[in-house]
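Fold and geometry: a report
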Amino acid sequence: MKIFFNRIARKEAYGGGSHFVTAMSDYLKEKGHEVVFHMTNKNSKQPIEDIDLIFLIDPRPGDIGYSINHAIAYKNQVNPKVKILHRVNECDARKNTDFMDNMLIETSSFTDKTIFISTWLKEYFIEKDFKNAKNSSVIYNGCNRAHFYPDKEKQKTDKIKIVTHHWSDNWMKGFDLYKFIDQEIVNDRFEFTYVGRYCKDYKPKNTKIISPLWGPDLGKELRRHDIYITASRFEPCGMHHVEGAASGMPVIYYKDCGGINELCKNHGEEYSDFNDFKVKLELIANNIEDYKNKINYDNLDIEKCCKKFYQEILGMF
């Protein structure tokens, strides 16, 4: 098969959607399929007529300029047999916007198959009359286990090291909690590291800030820590908590975190407010090994994620 992605693969610090494209495109190539990121030939600028599957990561044009409108035009004008698979990983609740939901719902009218990245996200859109919800599946995110794995030789230190990381610096990622940790939690027992783009509205004094990292470098940094936290709101699924748990850490997560708790509830604790966060932090800090032993690393593997997507693709033909 020849499969087109409307987002490019990136092997650098970037959002989770891009990392999925990188992993999925590599997986498809290993299976003997051709992956392309353009709908026209480089030299002639004529349409590539034999694309079998359009893998839609986002209905917007994005970095290479192909939107759902291009997919529709290709199907209508070039190859009516092409299938359109839509991976839904966004919603308005995630970043407090007011345009994504309608765009995604409209897009669903033109797709052959929809895959949501969490049950929470699927149910969110079913309530909003998502057109293709019946012909849909749920496949959770995974990470590269060659980069993210527990440090079996890690030595105990005087301080318990807590960490989070985000590519986005949007407030909805939970910067109110990160500010609280900076002001109220960091002490002789706890230290806090934030990896990624830190929201400019907050001025941390006691937090170690590290610029965005990717792959092996990010995995190495995460393995230095003991407890992972995420205060992200209404996250469709996310990658950060997957990478944190895969690096051997129990996770503390916000009660209204969206799809995050579907993967974290077995090896972590949810919190409802700042006081509850302190309670849960102490609970996990006093029982770290018990929580670590509950982590199901197979469920966090990008290989498993890609295999499930591949099975869905084969089922479309």
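Residues numbered from 1 in each chain as written. Predicted model: local features only at pLDDT ≥ 70, side-chain atom pairs only at ≥ 80, totals over all residues. Heavy atoms only, no water.

1. Structural notes on the sheet that holds strand β11 (residues 251–254)
The test is simple: One requirement defines pairing of two strands: DSSP has to find at least two bridges between them. Counting from the N terminus, the helices are DSSP H or I runs at least four residues long and the strands are E runs at least two residues long. Here the axes come from fitting lines to C-alpha atoms, over the contacting stretch only for helices, and the angles between their N-to-C directions go from 0 to 180 degrees. Residue contacts follow a heavy-atom distance rule, with two residues in contact if any of their heavy atoms lie within 4.5 Å.
Taken together, the six strands give an open sheet; going across it, the order is β9-β8-β7-β10-β11-β12, and neighbouring strands pair in parallel fashion. With one partner strand each, in any of the chains shown, β9 (207–210) and β12 (268–271) form the two edges of the open sheet. Taking the axes of each pair of neighbouring strands and ignoring which way they run, one obtains an average angle of 25° across the sheet. Of the pairings in the sheet, the one linking β11 to β12 comprises four bridges and is parallel in character. Looking at β12, one finds that Val251 is bridged to Gly268. Along the sheet, helix α6 (residues 175–185) contacts β7 (160–166), β8 (190–196), β9, β10 (227–230) and β12; its crossing angle with β8, the most-contacted strand, is approximately 145°. With respect to the sheet, helix α10 (residues 274–285) is in contact with β7, β8, β10, β11 and β12, its orientation differing from that of β12 by roughly 170°.

2. Digging into the side chain of Arg233
Operational definition: Exposure classes here rest on a 1.4 Å probe applied to the protein chains alone. A residue is buried below 20% of its type maximum, exposed above 50%, and partly exposed in between. By the criterion applied in these results, polar contacts are pairs of N or O atoms within 3.5 Å in which, for protein atoms, one can donate a hydrogen and the other can accept it, and in which residues neighboring in sequence qualify only through two side-chain atoms.
Considering the arrangement of structural elements, one finds Arg233 in the loop between β10 and α8 (240–246). Since its relative accessible area comes to 10%, Arg233 is described here as buried. A distance of 2.6 Å separates the side chain of Arg233 from the side chain of Asp176, its partner in a polar contact. In terms of polar contacts, Arg233 uses its side chain to reach the backbone carbonyl oxygen of Ala231, at 3.0 Å. Leave out the neighbours within four places in its chain, and Arg233 touches Ala93, Arg94, Trp171, Met172, Gly174, Asp176, Tyr254, Asp256 and Cys257.

3. Examining the environment of His86
Considering the arrangement of structural elements, one finds His86 in strand β4 (residues 83–88). When the C-alpha atoms of His86 and Phe116 are compared, they prove to be 8.4 Å apart, with 30 residues separating the residues in sequence. Each residue touching His86, except ones within four places of it in the same chain, is listed here: Leu56, Pro59, Leu104, Thr107, Thr111, Lys113, Thr114 and Ile115.

4. Concerning helix α12 (residues 302–315)
Basically, it comes down to this: Multiply 1.5 Å by the residue count of a helix minus one, and that product is the helix's expected span. Comment: arc refers to directions from the helix axis out to C-beta atoms.
End to end, α12 covers 20 Å across 14 residues, agreeing with the expected 20 Å (1.5 Å per residue, within 8%). For α12, the set of buried residues is Ile302, Cys305, Cys306, Phe309, Tyr310 and Ile313. Buried residues of α12, seen end-on, are gathered within an arc of 135° and therefore sit on one face of the element. For α12, the side-chain oxygen to backbone nitrogen distance between the N-cap and Glu303 is 2.9 Å, and the N-cap itself is Asp301.

5. Digging into the environment of Gly17
With respect to the element layout, Gly17 can be found in helix α1 (residues 16–30). Classification of Gly17 by relative accessible area gives buried; the value is 18%. Ignoring sequence-local partners within four residues, the contact set of Gly17 consists of Arg87 and Asn89.

6. So, the nonpolar core
Our working rule: Definition of nonpolar core: a set of buried residues of the types Ala, Val, Leu, Ile, Met, Phe, Trp, Tyr and Cys, connected through side-chain atoms within 4.5 Å.
Counting residues in hydrophobic clusters, the biggest one holds 60 residues, and the most contacted among them are Phe125, Tyr178, Ile181, Ile227 and Phe277. Ranked by residues supplied to this core, first place goes to α6 with six residues. Of all hydrophobic cores here, the second largest spans 37 residues; its members include Ile3, Met39, Ile68 and Val82.

7. Brief notes about the packing of aromatic side chains
For clarity, the threshold we go by: Two rings from Phe, Tyr or Trp (for Trp, the six-membered ring) form a pair when their centres are within 6.5 Å of each other. A pair whose planes differ by under 30 degrees is stacked, one over 60 is edge-to-face, and the rest are tilted.
For the coordinates displayed, the defined rule picks out 22 aromatic pairs. With centroids separated by 6.0 Å and ring planes inclined at 15°, the aromatic side chains of Phe175 and Tyr202 adopt a geometry described as stacked. Here the residue Phe175 occupies a position in helix α6, and Tyr202 occupies one in the loop between β8 and β9, the gap between them amounting to 27 residues. Across this residue pair, the class does not change: Phe175 and Tyr202 are buried. Taken together, Phe175, Tyr178, Phe192, Tyr194, Tyr198 and Tyr202 form an aromatic cluster joined through their ring pairs.

8. Some thoughts on the pattern of salt bridges
Oppositely charged side chains are able to pair whenever their charged atoms sit close together. Note the cut-off: Salt bridges are defined by distance alone: a side-chain nitrogen of Lys or Arg within 4 Å of a carboxyl oxygen of Asp or Glu.
Evaluation of the coordinates by the stated rule reveals 18 salt bridges. Of the charged contacts in the structure, one is a salt bridge between Glu90 and Arg94, with a shortest N-O distance of 2.6 Å. Exposure class is identical for Glu90 and Arg94. Each is buried. Close ionic contact of Glu191 with Lys161 constitutes a salt bridge, the shortest N to O distance being 3.3 Å. In this pair, Glu191 is assigned in strand β8 and Lys161 in strand β7, connecting sequence segments 30 residues apart. Assessed through its relative accessible area of 22%, Glu191 is described here as partly exposed. Connected via shared salt-bridge partners are Glu90, Arg94, Lys173 and Glu235.

9. Describing the state of the cysteines
For clarity, the threshold we go by: Disulfides are defined in this document as cysteine sulfur pairs within 2.5 Å.
Inspection of every chain in the model, using the stated rule, returns zero disulfides. The structure places no disulfide on Cys143, whose sulfur is separated from the nearest cysteine sulfur, that of Cys305, by 10 Å. Classification of Cys143 as buried rests on a relative accessible area of 1%.

10. Examining the pairing of strand β1 (residues 2–5)
Alternating positions in β1 separate into two faces, Lys2 and Phe4 on one and Ile3 and Phe5 on the other, with burial throughout. Pairing of β1 with strand β2 (residues 34–36), which is carried by three bridges, proceeds in the parallel orientation. Looking at the pairing, Phe4 lines up with Val36 of β2. Pairing analysis gives three bridges linking β1 to strand β3 (residues 53–56), with the strands arranged parallel. Across the sheet, the residue bridging to Phe5 is Phe55, located in β3.

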